[in-house]
Amino acid sequence: MTTDQSSGRADDRTPERAADGRAPSLTVVICAYTVERWDDLCAAVASVRGQHHPPAEVLLVVDHCPELLHLAREHLSADARILPSRQQRGLSGARNTALAAAHGELIAFLDDDATADPAWTGRLLAGYRTPAVLGVGGHVRPWWQSGRPDWFPPEFDWVVGCSYRGLPSRPAGVRNLIGANMSFRRAEALAAGGFRTDLGRVGRRPLGCEETELCIRLAARHPGAVLRYEPAAAVLHRVPPARTTFSYFAARCFAEGRSKAAVVRHDGAAAGLASERAYLRHTVPAALLDSLRRRRPATAAALCAGVTLTAAGYLTGLAGGWAARTAPRRTGAVRPATRDRTAGAEPTKARPTGGRPTRDGP
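Residues numbered from 1 in each chain as written. Predicted model: local features only at pLDDT ≥ 70, side-chain atom pairs only at ≥ 80, totals over all residues. Heavy atoms only, no water.

(A) The arrangement of the pairing of strand β3 (residues 81-84) in detail. Here four bridges tie strand β2 (residues 57-62) to β3, and the two strands are oriented parallel to one another. In the strand pairing of β3, V62 is matched with P84. One crossover worth recording links β2 to the parallel β3 by way of helix α2 (residues 66-75), and it is right-handed. (Pairing = 2+ DSSP bridges. Helix = DSSP H or I, 4+ residues; strand = E, 2+ residues; numbered from the N terminus. Right-handed = clockwise from strand over helix to strand, strands pointing away.)

(B) Seen up close, helix α6 (residues 210-221). The terminal C-alpha atoms of α6 lie 17 Å apart, and with twelve residues this matches the ideal 16 Å at 1.5 Å per residue to within 8%. With nine of its twelve residues buried, α6 lies for the most part within the structure. Regarding α6, the residues found buried are E210, E211, T212, E213, L214, C215, I216, R217 and L218. (Expected span 1.5 Å × (residues − 1). Buried < 20%, exposed > 50% of the residue type's maximum accessible area, 1.4 Å probe, protein only.)

(C) The arrangement of unusual backbone geometry in detail. Not every positive phi belongs to a glycine, and H64 is a case in point at roughly 55°. As for its placement among the helices and strands, H64 is situated in the loop between β2 and α2. Positive phi is not limited to glycine here, since R295 has a value of about 55°. Topologically, R295 is positioned in the loop between α9 (274-293) and α10 (297-326). Looking at R295, the relative accessible area reads 77%, which means it is exposed.

(D) Structural context of the nonpolar core. Grouped together as the largest cluster of nonpolar side chains are 80 residues, with contacts concentrated most on L60, W120 and F184. With six residues, the top contributor of residues to this core is strand β1 (residues 26-32). With five residues, the next largest nonpolar core counts L199, C209, A262 and V263 among its residues. (Core = buried A, V, L, I, M, F, W, Y, C linked by side-chain atoms within 4.5 Å.)

Next up, the structure:
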């Protein structure tokens, strides 16, 4: 994320109001795809229902899992409006279903394995102080179920979908918001086309950056618009033991690099790598020097490995994109590409299978 230091300090001011004095309405969306996270999902819904400023609507979108859909309708219908995803499998399709179906003027997204602080919605709403603010996101704190590994650098907490060291500590304008804790003006997100369904994780392929790409598109459509980071709008994100291994760290870094290459292909290097340049120039070198000074060689090695693997993934992604663009077109029985009629769908030749994406890095 890139920061805009001209943004003000956190406070409890109310959001902008319409001419009739009415504050904008808010829909909170939780997308879920597996019964394995049922307890997490129930906790996420309960945390939204316990907000000091209750949202106008809670929307639960179930991503192509009939068993979970049945379970949610049986036990959570009193707390949330429940819908099946109407797009192709994956988090982008579920989010686009929510964008099309929500009633709120603002739409906030919370992960199904995260819980919101009681003041979360109020802090998000307070960030919409002027029409120039198109989105507001907040801090994502990791909940390490087995404890943070000693070697795991806080500058790489984006690997586990959380806020990382190097983000602003005060409210600030940023390039992109974090998927586990973000909100937008719904009409603007719809007008921009929603989330790209050809980005993001599907199945066990750990790709992402669909949130980053949408944020870049929103900013390009509205020069002078602001995406605002409000650290006080906080959520707690569960990090299971499986995500604390070095093998997961390495795979996630490589996949993040490939995802950034896809964003650059869509939106150009100037926007697609603006935050990453600052991260590599300042955040990582400062962390490396600090780890060496404190005699923490394992952390220093993880920092170097993370940068190297992310760069390798980026170069691999660029090479794959170049090969796809220069490959001769085949003739024969290839079905024409189709476009979903709901928001954000991109041309596809077949429906992918799988689950939801991991979150964006810097």
